[in-house]
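Chain by chain, the residues:
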Amino acid sequence: MSLDTSDPLFHRFTLEFSQELFFEAHETMEQLWIKKGRHKGDPYQGLVQLAVAREHLKRGNLEGARRVYVKAHQKLEDISTTAWDLRFHLAESARRILT
């Protein structure tokens, strides 16, 4: 499944995520996930979980971050997007959470 990177909610998510406003990014992506049908296992859900994992890490909950990150990574493995270098953010998240 591909992501609709043209949606304003997607742009807001990327801005919030890049500013490390992970709670807000999670809320924004959740709105987009619901708008797109709220399908379990789709990349929108993975992005919600990625933001949640980073928020856990920000708050010092390493175990929670690891647990949620694994779920997010499974949903995001096969996507590709040109509007946002998701692979960079996945790698950065993995580095921070798993090391």
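The structure displayed is predicted, hence computed values, not measured ones. (Residues numbered from 1 in each chain as written. Predicted model: local features only at pLDDT ≥ 70, side-chain atom pairs only at ≥ 80, totals over all residues. Heavy atoms only, no water.)

**Examining the nonpolar core**
In terms of nonpolar packing, the biggest core is built from 21 residues, with Phe13, Phe17, Met29, Leu47 and Leu50 touching the most fellow members. Among the secondary structure elements, those contributing two or more residues to this core are helix 1 (8-18), helix 2 (22-35), helix 3 (43-58) and helix 4 (62-76). When residues in this core are grouped by element, the largest group, 6 residues, is from helix 3. (Core = buried A, V, L, I, M, F, W, Y, C linked by side-chain atoms within 4.5 Å. Buried < 20%, exposed > 50% of the residue type's maximum accessible area, 1.4 Å probe, protein only. Helix = DSSP H or I, 4+ residues; strand = E, 2+ residues; numbered from the N terminus.)

**Considerations on helix 3**
Across its 16 residues, helix 3 extends 22 Å between first and last C-alpha, which sits within 8% of the 22 Å expected from 1.5 Å per residue. Within helix 3, 12 of the 16 residues are buried, leaving the element largely enclosed by the surrounding structure. Those residues of helix 3 not exposed but buried are Pro43, Tyr44, Gln45, Gly46, Leu47, Val48, Gln49, Leu50, Ala51, Ala53, Arg54 and Glu55. Immediately downstream of helix 3, the backbone of Gly60 shows phi near 85°, a positive value. (Expected span 1.5 Å × (residues − 1).)

**Here we look at unusual backbone geometry**
Glycine aside, negative phi is the norm for most residues, and most peptide bonds take the trans geometry. At Glu20, a residue that is not glycine, the phi angle is positive and equals roughly 60°. One can find Glu20 in the loop between helix 1 and helix 2. A positive phi is found at Arg38, a non-glycine position, where the angle reads about 50°. By the secondary structure assignment, Arg38 is in the loop between helix 2 and helix 3.

**Observations concerning the confidence of the model for the chain**
Taken residue by residue, the chain gives an average pLDDT of 85. The fraction at 70 or more is 79%. Per-residue pLDDT, averaged within each element of the chain, yields its smallest value for helix 5 (residues 86-98) (63) and its largest for helix 2 (97). (pLDDT = per-residue confidence, 0-100.)

**Some points on the packing of aromatic side chains**
All chains considered together, the criterion is met by 3 aromatic pairs. Residues Phe10 and Phe13 carry aromatic rings whose centres are separated by 6.4 Å and whose planes lie at 45° to one another, so their mutual orientation is tilted. Of this pair, Phe10 and Phe13 both sit in helix 1, separated by 3 residues, roughly a single helical turn. By relative accessible area, which is 2% here, Phe10 ends up buried. (Phe/Tyr/Trp six-rings, centres within 6.5 Å; stacked < 30°, edge-to-face > 60°.)

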